[in-house]
Amino acid sequence: MPTAIPVTTKIRTRTPTRKASVYDNVVRQFNRAADLMDLDENIRKILATPVNEITVHFPVKMDDGRIEMFTGFRVQHNNTLGPFKGGIRFHQNADLDEVKALATWMTWKSAIVDIPFGGAKGGIRFDPSKHSQAELERITRRFTWALGQNIGPEYDIPAPDVNTNAQIMAWMLDTYLTSIPPQDRGRCMHVVTGKPVGLGGSLGREKATGQGLMFCVEEWAKDRSFDLAKASYTVQGFGNVGSWAARLMDQHGSRLVAAEDVTGAISNPAGIDAEELTKYVKDNRGVYGFPKAVPVDHEAFFSTEADIFIPAALENQITGQTASMLRVKMVAEGANGPTDPFGDILLRKSGVDVLPDILANSGGVVVSYFEWLQNKRSEYWDLDEVDGKLHRKIVAAYQRVRNAAKEYDTDWRTAAYTVALARLQKVYEARGVFP
Ligand code: NAD
């Protein structure tokens, strides 16, 4: 085991001061794939624009009696394949541009894994770490109330994302159910997914995004004849996705050598126990200060030599600047949009394999779909059933993307887009556009 190293100085993660447009990144990725596959011009126009962009401003009473105004968003990008579906994020930088991008990625993701959902995303622009549990509950409930019938079990189904969890979903569910007639409440449990188990939540949902990513990494390792038991890896973001991905990598015998989150970065070349780090993060609200590792700065974290890098925090982390620091063979994108267009070009040039977000983190929406189905059918599935079905979905999606990469002789991100766009194109061709 690595020896305990005392932590004396606090090292901050560098957060970009000016936010680049995340939606611009989506548009570039979309155009690259649409050009390559010669996507129909009309379908291109439709898919380039979200269906609805909802902004709500709402008052919430603080613990000290003051009223504060909050701003929240829900963007519904597309519902051609099924109801709008996507998470809700609480973050001080959430804005319409970011939520539009995240909603659009959800449309592609559902199409790639072949589930009957469209794409949506929501967010409230505030820093949840500055609020008590009671205030978080009131903010969540007022936001849900403000959205009103813009969400619904057969229309638009939220789920957890950054800084939201099963408890937040329970409050959303309860508020939504209160807003509809009592006779309808029993059959509307599927208005949100990612609920607590016991309140309509599915076994396996909490780990689902990390689990889906793990299944992709396993397929990649098979393709490359790569032994995961000998692999080293780094993780950025040690929340739901990052900590689950790490715990599952550890089960293969892989070695976590560095981790970073909003509190700082830590490293230990001999290995960091992911289970222990998860417990530490729960108690200390971050990786910073973990006794069996040393603190390192952002540059040192990005320059850590490892086989696999798992970004599982926010967008635009692998950039023109940081991509050239990476010394890894593969990037498995747990986060949405962690790589900006410049970072993408550099990764392609340097021959690093990339398992793109819209494939690698799709496990979350797949098990959300399973939860939705269980609620509709009044069923509870056991964990083996959930994991087995998730495995089949992810492996099939992985193979579709691999085949498209071969067919178009292109990178995996672009290939994943071609899979999604081909699926949507087919449906538009069949349905036509009214009138
Ligand atoms: P989370 O809130 O549980 O964890 C977020 C993590 O990112 C935390 O460890 C936080 O400290 C870290 N972080 C925040 N800002 C950072 C910064 N500037 N530098 C380094 N680390 C930072 O959120 P999550 O649900 O794990 O989501 C993480 C990513 O995965 C997001 O991009 C999200 O959209 C994506 N995602 C989540 C799900 C899901 O099911 N939760 C599904 C698909 C994709």
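The structure displayed is predicted, hence computed values, not measured ones. (Residues numbered from 1 in each chain as written. Predicted model: local features only at pLDDT ≥ 70, side-chain atom pairs only at ≥ 80, totals over all residues. Heavy atoms only, no water.)

Trainee: Which residues make up the overall build of the chain, and what values go with them?
Mentor: Helix and strand counts for the chain stand at 15 helices and 12 strands. Taken against the 2.2 N^0.38 rule, which gives 22 Å for 435 residues, the C-alpha radius of gyration of the chain at 21 Å falls within 12% of a compact globule. Projected onto its principal axes, the C-alpha positions of the chain cover 60 × 60 × 45 Å. Buried positions account for 59% of the 435 residues belonging to the chain. The long-range fraction of contacts in the chain, counting pairs at least 24 apart against all pairs at least 6 apart in sequence, stands at 69%. Working note: accessible area of the chain is about 18,100 Å², and carbon and sulfur atoms make up 51% of it. (Helix = DSSP H or I, 4+ residues; strand = E, 2+ residues; numbered from the N terminus. Rg over C-alpha atoms; globule rule 2.2 N^0.38 Å. Buried < 20%, exposed > 50% of the residue type's maximum accessible area, 1.4 Å probe, protein only. Contact = heavy atoms within 4.5 Å. Areas by Shrake-Rupley, 256 points an atom, 1.4 Å probe, with all protein chains shown as cover.)

Trainee: Which residues make up the sheet that holds strand β3 (residues 84-91), and what values do they have?
Mentor: The strand order across the open sheet formed by 5 strands is β1-β2-β4-β3-β5, and the pairing between neighbours is mixed. Of all strands in the sheet, those bounded by a partner on one side alone are β1 (52-61) and β5 (156-160). Averaged over all pairs of adjacent strands, the angle between strand axes in this sheet comes to 25°, irrespective of strand direction. Here strand β2 (residues 67-78) pairs with strand β4 (residues 119-125) via 6 bridges, running antiparallel. (Pairing = 2+ DSSP bridges. Axes fitted to C-alpha atoms, helices over the stretch in contact; angles between N-to-C directions.)

Trainee: Could you give an account of the sheet that holds strand β10 (residues 308-311), with specific residues and numbers?
Mentor: Strand order in the open sheet formed by 7 strands is β9-β8-β7-β6-β10-β11-β12, with mixed pairing between adjacent strands. Each edge of the sheet is formed by a strand with only one pairing partner; in this case those strands are β9 (294-296) and β12 (353-355). Neighbour-to-neighbour, the strand axes of the sheet open up by a mean angle of 20°, direction not taken into account. Two strands pair when backbone bridges link them, and strand β8 (residues 264-272) and β9 are joined in this way by 3 bridges, in the antiparallel orientation. Paired with Ile266 across the two strands is Pro295, which belongs to β9.

Trainee: Requested: an account of the pattern of salt bridges, with residues and values cited.
Mentor: All chains considered together, the criterion is met by 32 salt bridges. Note that Glu276 is salt-bridged to Lys292, the shortest N-O span being 3.0 Å. Here Glu276, found in helix α9 (residues 274-284), pairs with Lys292, found in the loop between α9 and β9; they are 16 residues apart in sequence, far enough to count as distant. With a closest N to O distance of 3.7 Å, Arg348 and Asp344 form a salt bridge. With Arg348 and Asp344 both in helix α11 (residues 341-350) and 4 residues apart, the pair spans about one turn of that helix. For Arg348, a relative accessible area of 33% puts it in the partly exposed group. Taken together, the shared-partner salt bridges connect Arg89, Glu98, Lys121, Asp161 and Glu315 into one network. (Salt bridge = Lys/Arg side-chain N within 4 Å of Asp/Glu carboxyl O.)

Trainee: So what about the site of the ligand? Which residues, and what values?
Mentor: Around the ligand, the structure places 24 residues, and the nearest of them are Asp161, Asn163, Thr209, Phe238 and Asn336. For the ligand, an oxygen atom lies 3.0 Å from a polar atom in the side chain of Arg89. Backbone polar atom of Phe238 to an oxygen atom of the ligand: 2.9 Å apart, as the coordinates give it. In isolation the ligand offers 830 Å² of accessible surface; the protein chains occlude 90% of this area. Partitioning the shell around the ligand into residue classes produces 9 nonpolar, 11 polar and 4 charged. Residues from two domains meet in the shell around the ligand; each of domain 1 (1-15 + 22-46 + 205-361 + 410-435) and domain 2 (50-191) gives at least three. (Near = heavy atom within 4 Å. Polar contact = N/O pair within 3.5 Å; in protein donor to acceptor, adjacent residues only side chain to side chain. Nonpolar A, V, L, I, M, F, W, Y, C, P; charged D, E, K, R; others polar. Domains from an automatic or database assignment.)

Trainee: Describe α9, with residues and values.
Mentor: The complete set of buried residues in α9 reads Ala274, Leu277, Thr278, Tyr280 and Val281. Down the axis of α9, the sector holding all buried residues measures 165°, keeping them to one side. Projecting away from the buried face of α9 at angles above 90 degrees are the exposed residues Lys279, Lys282 and Asp283. In this fold, the buried residues of α9 make contact with β6 (232-236), α8 (240-251), β7 (255-261) and β8. One side-chain oxygen at the N-terminal end of α9 lies 2.9 Å from the backbone nitrogen of Glu275; it belongs to Asp273. Following α9 by one or two positions, Arg285 has its phi on the positive side, about 60°. (Arc of directions from axis to C-beta.)

Trainee: I'd like to hear about the side chain of Arg413, residue by residue, with values.
Mentor: Relative to the helices and strands, Arg413 is located in helix α15 (residues 412-431). Residue classification places Arg413 among the buried positions, given a relative accessible area of 5%.

Trainee: So what's going on with the packing of helix α7 (residues 208-223) against α8? Residues and values would help.
Mentor: Helix-helix packing: each pair is described by the crossing angle between the helix axes and the interaxial distance. Interhelical geometry of α7 versus α8 gives an angle of 45° and a closest axis separation of 8 Å. With respect to each other, α7 and α8 are oriented oblique. Along this stretch, α7 crosses α8, giving a crossing that reads as right-handed. In contact with Thr209, Gly210, Gln211, Leu213, Met214 and Val217 of α7, α8 contributes Val241, Trp244, Ala245, Leu248 and Met249. Looking at the contact of α7 with α8 residue by residue, the class counts come to 8 nonpolar, 3 polar and no charged. (Parallel < 35°, antiparallel > 145°, perpendicular 65-115°, else oblique. Left-handed = near helix turned anticlockwise from the far one by under 90°.)

Trainee: Describe the pairing of β8, listing the residues and the values that go with them.
Mentor: For β8, the tally of buried residues reaches 7 of 9 residues, placing the bulk of the element in the interior. Looking at chain direction, β7 and β8 are connected through 5 bridges and run antiparallel. Counterpart to Leu256 in the pairing with β8 is Ile272. Counted along the chain from β7 to the antiparallel partner β8, the turn is 2 residues long.

Trainee: Break down the nonpolar core for me, with residues and values.
Mentor: Residues Trp108, Val217, Leu277, Ile308 and Ile310 are the most contacted members of the largest nonpolar core, which totals 86 residues. Mapping this core onto the domain boundaries places at least three of its residues in each of domain 1 (1-15 + 22-46 + 205-361 + 410-435) and domain 2 (50-191). Not counting the four nearest positions on each side in its chain, Val217 is found in contact with Leu228, Met249, Ile308, Met330, Ala332 and Leu355. In terms of nonpolar packing, the next biggest core, distinct from the first, is built from 26 residues, Ile54, Ile124, Leu147 and Leu177 among them. (Core = buried A, V, L, I, M, F, W, Y, C linked by side-chain atoms within 4.5 Å.)

Trainee: Describe in detail the domain arrangement of the chain, supporting the description with residues and values.
Mentor: The domains assigned to the chain are domain 1 (1-15 + 22-46 + 205-361 + 410-435) and domain 2 (50-191). Listed as interface residues are 26 residues of domain 1 and, on the opposing side, 25 residues of domain 2. For the pairing of domain 1 and domain 2, the buried interface totals around 2,300 Å² over both sides, and the portion due to carbon and sulfur atoms is 64%. Linking domain 1 with domain 2 are 2 salt bridges. The salt bridge partner of Arg89 is Glu315, with a shortest N-O separation of 2.6 Å. Applying the counting criterion to the domain 1 and domain 2 interface returns 12 residue pairs in polar contact (both at pLDDT 80 or more). Put simply, the parts of the chain that give the side of domain 1 that touches domain 2 at least two residues each are α1 (22-37), α12 (357-360) and α15. Per element, the largest residue contribution to the side of domain 1 that touches domain 2 is 10 residues, and it comes from α15. Taken together, the residues of the side of domain 1 that touches domain 2 sort by class into 16 nonpolar, 4 polar and 6 charged. (Buried area = accessible area lost by both parts, 1.4 Å probe.)

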